[in-house]
Amino acid sequence: MPMAEGEVMKHNETIRQKDTARPWEPEESAAIELVHFSASYGGRSVLHDVSFTVPRGSIFGLLGTNGAGKTTTIKTLLGFRPPQSGMVRVLGYEVGRQQQAINALVGSVSEQSSLYDGLTVAQLCRLSSQLQRRWNQPLVQRFLDLFALPAHARLKTFSRGMRSQVALCLALGHEPELLILDEPTAGLDPLAHQVVLSTLIGEVAARGTTIFFATQQLAEVEAMADQVAVLHGGRLSLYDEVDQLRTREQFVRLVYAQQPPAEEMAYLRGLPDVLRVEQEGRAVRLRMAGEAQALVALLQARPYALRDHEVVAVPLAEVLLTALRGEGA
Ligand SMILES: Nc1ncnc2c1ncn2[C@@H]1O[C@H](COP(=O)(O)OP(=O)(O)OP(=O)(O)O)[C@@H](O)[C@H]1O
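Going by an unreviewed UniProt entry, the chain carries the name ABC transporter ATP-binding protein and comes from Ktedonosporobacter rubrisoli.

Okay, here's the thing in structure tokens:
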């Protein structure tokens, strides 16, 4: 039975409330929250119990090897796939259930970005502006100019890298609170790569937009990310602040007066913060978590004379590689 006018208004109001009511006030909420999130395709589990939070205003990198589950995570955030279990919130809204509200606040460049080959950039801008509630054409033009993209050329004349730049410009047109990018620099030459990264950092993030990007590139995480999550085989193998990771682990090179006996090597391997021990004659190389000075003092008090020691931070790239291999904390 059709609803009366008053009922329709009440019904619409209920839908609107359901669609836009956020569990928190926006300023209090994280940009993205995954809590015990799992995903599968046709019964095959591909993401297992993944939890992380993307703070508002940050740049967050999701790093993983081929097939690790990055695109599946992004498809879930964009509402293309429901989570199999767990909870996924974007800007305080639940994905799937409140997707319209999310879509109005999120810009994205991913496999789902459909670009119309026969249209010029200018025509695409007009079309996109009609599909969005708000549109900042001067801003889009500014980004098009930064990438030196010709407004009146048809998309079919563009390279893959140029297309992804157009997609990025269009994703920024409605001034999203959150930008979700699946491998934003795939197919870009080194110069274009540099322009995209510096634009994302210096222009987009600087405006307060949260950026969540999936990548296979260690250098991209090093250059851009405030936080990183690493996926290995669908599980989280690392999740931390990038600055913490730069100092989190140390290589300690110990030089003993004489080759240390097996008993000393076993002692070193048994120390709680020691992750790896390699011996070569009188020299021993440790990889350890945390600060090294207390450990060195402990070893200096042992019966085996230490001639020398040297401490250097494990490079961030090495920490990330370890996590990519699934050996992270
Ligand atoms: N449509 C699909 N049907 C079945 N399995 C899929 C589908 N899409 C992805 N998968 C599987 O899910 C797992 C995760 O894939 P996903 O595309 O999320 O990984 P990814 O980290 O983005 O990889 P890449 O870096 O290679 O793009 C892989 O094992 C993949 O084979």
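This part is about the site of the ligand. By nearness alone, 13 residues border the ligand, and Gly67, Lys70, Thr71, Thr72 and Gln216 come closest of all. A distance of 3.1 Å separates an oxygen atom of the ligand from a polar atom in the backbone of Ala68. A distance of 2.5 Å separates an oxygen atom of the ligand from a polar atom in the side chain of Thr72. Contact with the protein chains hides 62% of the accessible area of the ligand, taken as 640 Å² for the molecule alone. Taken together, the elements giving at least two residues each to the shell around the ligand come down to strand E2 (44-54) and helix H2 (70-77). If one sorts the elements of the shell around the ligand by residue count, H2 sits on top with three residues. A class-by-class count of the residues in the shell around the ligand yields three nonpolar, seven polar and three charged.

Take the pattern of salt bridges next. One pass over the full model with this rule turns up 14 salt bridges. Two residues, Arg97 and Glu94, come together in a salt bridge whose shortest N-O distance is 3.9 Å. Here Arg97 falls in the partly exposed class, since its relative accessible area comes to 43%. Note on Glu94: relative accessible area 30%, which makes it partly exposed. The partner of Glu175 in a salt bridge is Arg207, and the shortest N-O contact between them spans 3.2 Å. Here the residue Glu175 occupies a position in the loop between helix H6 (160-171) and strand E7 (178-182), and Arg207 occupies one in the loop between helix H7 (190-204) and strand E8 (210-215), the gap between them amounting to 32 residues. Residue class for Glu175 comes out partly exposed when judged on its relative accessible area of 27%.

As a further point, take the nonpolar core. The biggest cluster of nonpolar side chains holds 50 residues, and the ones touching the most others in it are Leu168, Leu179, Leu200, Ile211 and Leu320. Residue contributions to this core peak at six residues, all from H6. Leu34, Phe52, Ile74 and Ala101 belong to the second-largest nonpolar core, a separate cluster that totals 31 residues.

Within this structure, the stated rule accounts for five aromatic pairs. Between Phe52 and Phe60, the aromatic rings sit 5.0 Å apart at their centres with planes inclined by 20°, giving stacked as the arrangement. Neither Phe52 nor Phe60 differs from the other in exposure class; each is buried. Judged by centre distance (6.3 Å) and plane angle (45°), the ring pair of Phe60 and Tyr239 falls under tilted. Within this pair, whereas Phe60 is found in strand E3 (residues 59-64), its partner Tyr239 is found in strand E10 (residues 235-241), the two being separated by 179 residues in sequence. An aromatic cluster of at least three residues, connected via ring pairs, comprises Phe52, Phe60, Phe212 and Tyr239. The side chain of Arg81 reaches across the aromatic face of Tyr41, ending 4.0 Å from its centre.

Each value, and the rule that gives it
- Residues numbered from 1 in each chain as written.
- Predicted model: local features only at pLDDT ≥ 70, side-chain atom pairs only at ≥ 80, totals over all residues.
- Heavy atoms only, no water.
- Near = heavy atom within 4 Å.
- Polar contact = N/O pair within 3.5 Å; in protein donor to acceptor, adjacent residues only side chain to side chain.
- Areas by Shrake-Rupley, 256 points an atom, 1.4 Å probe, with all protein chains shown as cover.
- Helix = DSSP H or I, 4+ residues; strand = E, 2+ residues; numbered from the N terminus.
- Nonpolar A, V, L, I, M, F, W, Y, C, P; charged D, E, K, R; others polar.
- Salt bridge = Lys/Arg side-chain N within 4 Å of Asp/Glu carboxyl O.
- Buried < 20%, exposed > 50% of the residue type's maximum accessible area, 1.4 Å probe, protein only.
- Core = buried A, V, L, I, M, F, W, Y, C linked by side-chain atoms within 4.5 Å.
- Phe/Tyr/Trp six-rings, centres within 6.5 Å; stacked < 30°, edge-to-face > 60°.
- Lys NZ or Arg CZ within 6 Å of the ring centre and 35° of its normal.

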